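An overview of the molecular structure
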Amino acid sequence: MAASIHPTAVVENGAEFGENVSVGPFAYIGAMAKVGDGCRVGHHAAVEGNTTTGRDCEFYPYSAIGGRSQDLKCAG
């Protein structure tokens, strides 16, 4: 089964999906993201940057994976 992507999700050109992936409402998937087989991306979650996920991962609502740190004083 191909990826199930909610119509309100934002998926940039270049994003890759494995089999049986589900992307919820208002989620964001960046151009360099690779979402593995069986993953579930919850509503309002973001997977961005040069990120490759494993199999069967669950990204909970409002989570942010692969983006720049929000705490810039700790970023190198």
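For the structure, see preceding data.
Report on the accompanying structure. Bear in mind the structure is a predicted one, so any value in this text is a computation, not a measurement.

A closer look at the environment of Cys 39
Within the fold, Cys 39 resides in the loop between strand E6 (34-35) and strand E7 (40-41). Note on Cys 39: relative accessible area 0%, which makes it buried. The contacts of Cys 39, once residues within four sequence positions are left out, are Asn 20, Val 21, Ser 22, Thr 53, Gly 54, Arg 55, Asp 56 and Cys 57.

With respect to the nonpolar core
The biggest cluster of nonpolar side chains holds 13 residues, and the ones touching the most others in it are Val 23, Ala 27, Ile 29, Val 35, Val 41, Val 47 and Phe 59. Leave out the neighbours within four places in its chain, and Ile 29 touches Val 10, Val 11, Glu 12, Ala 15, Phe 17, Val 23, Val 35, Val 41 and Val 47.

Digging into the pattern of salt bridges
Under the counting rule described, the total for this entry stands at 2 salt bridges. A salt bridge links Arg 55 to Asp 37, with the shortest nitrogen-to-oxygen separation between them at 3.1 Å. A residue pair is termed long-range when its members are at least 10 positions apart, and Arg 55 in the loop between strand E8 (46-47) and strand E9 (58-59) and Asp 37 in the loop between E6 and E7 qualify at 18 residues. In this structure, the salt-bridge partner of Arg 40 is Glu 58, at a minimum N-O distance of 2.6 Å. Of this pair, Arg 40 sits in strand E7 while Glu 58 sits in strand E9, and the two are 18 residues apart along the sequence. Taking relative accessible area as the criterion, Arg 40 reaches 44% and is therefore assigned partly exposed.

Conventions adopted
- Residues numbered from 1 in each chain as written.
- Predicted model: local features only at pLDDT ≥ 70, side-chain atom pairs only at ≥ 80, totals over all residues.
- Heavy atoms only, no water.
- Helix = DSSP H or I, 4+ residues; strand = E, 2+ residues; numbered from the N terminus.
- Buried < 20%, exposed > 50% of the residue type's maximum accessible area, 1.4 Å probe, protein only.
- Contact = heavy atoms within 4.5 Å.
- Core = buried A, V, L, I, M, F, W, Y, C linked by side-chain atoms within 4.5 Å.
- Salt bridge = Lys/Arg side-chain N within 4 Å of Asp/Glu carboxyl O.

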